[in-house]
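Structural characterization, general
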Amino acid sequence: MFIYKDNEATKAELKKLLIDKGVTAKEVAERMGVKPQQYNNIVNKQNLSLSDLNRIAAALGCKLAISFVD
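Summarised in this report is the structure supplied together with it.

Rules of the game
Residues numbered from 1 in each chain as written. Predicted model: local features only at pLDDT ≥ 70, side-chain atom pairs only at ≥ 80, totals over all residues. Heavy atoms only, no water. Helix = DSSP H or I, 4+ residues; strand = E, 2+ residues; numbered from the N terminus. Rg over C-alpha atoms; globule rule 2.2 N^0.38 Å. Buried < 20%, exposed > 50% of the residue type's maximum accessible area, 1.4 Å probe, protein only. Contact = heavy atoms within 4.5 Å. Core = buried A, V, L, I, M, F, W, Y, C linked by side-chain atoms within 4.5 Å. Salt bridge = Lys/Arg side-chain N within 4 Å of Asp/Glu carboxyl O. Patch = residues over 30% accessible without salt bridge, like charges linked within 9 Å, V, L, I, M, F, W, Y side chains within 5 Å. Areas by Shrake-Rupley, 256 points an atom, 1.4 Å probe, with all protein chains shown as cover.

1. What to know about the overall build of the chain
Helix and strand counts for the chain come out as four helices and zero strands. Secondary structure of the chain in N-to-C order comes out as α-α-α-α. Taking 11 Å as the expected radius of gyration for a compact globule of 70 residues, we find that the chain reaches 12 Å, a close match to that expectation. Counting only C-alpha atoms and orienting by the principal axes, one finds that the chain spans roughly 40 × 25 × 20 Å. Each of the 70 residues in the chain was classed as buried or not, and the buried ones make up 29%. Sequence-distant contacts, at least 24 apart, represent 44% of the contacts inside the chain between residues at least 6 apart.

2. Observations concerning the nonpolar core
Core analysis: the largest hydrophobic core is formed by 15 residues, its most contacted members being Leu-14, Leu-18, Val-28, Met-32, Tyr-39, Ile-56 and Leu-60. Residue assignment for this core shows that the elements contributing at least two residues are α1 (7-21), α2 (25-32), α3 (36-43) and α4 (50-59).

3. Considering the pattern of salt bridges
For the structure on display, the rule yields two salt bridges. Of the charged contacts in the structure, one is a salt bridge between Lys-11 and Glu-8, with a shortest N-O distance of 3.3 Å. Placement of the pair is Lys-11 and Glu-8 together in helix α1, with a separation of three residues, close to one helical turn. For Lys-45, the salt bridge goes to Asp-52, with nearest N and O atoms at 2.6 Å.

4. Considerations on a nonpolar patch on the surface
A cluster of nonpolar side chains, namely Leu-50, Leu-64, Ile-66 and Phe-68, defines an oily patch on the protein surface of about 470 Å² accessible area. If you trace the backbone, Phe-68 turns up in the segment after α4. Its relative accessible area of 82% is what places Phe-68 among the exposed residues.

5. Quick word on the side chain of Asn-7
With respect to the helices and strands, Asn-7 occurs in helix α1. Judged by relative accessible area, Asn-7 falls into the buried class, the value being 17%. Leaving out residues up to four positions away in the same chain, Asn-7 has contacts with Lys-45, Gln-46, Asn-47 and Leu-48.

Below is the structure:
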């Protein structure tokens, strides 16, 4: 489970997920139907949105699950 701290930690977690899945950022971009530079722009935004994360997860064959922990 990943616990959100900030966008930098989220980006690091995404990079780890790509490595675990054995895919490159270029492949994820292709699966999302965007250019690699557009993928990088999405990931490097100051405010990475849940919809962006959901699109990336879908491109990786994953589901984005969110839970609130007390």
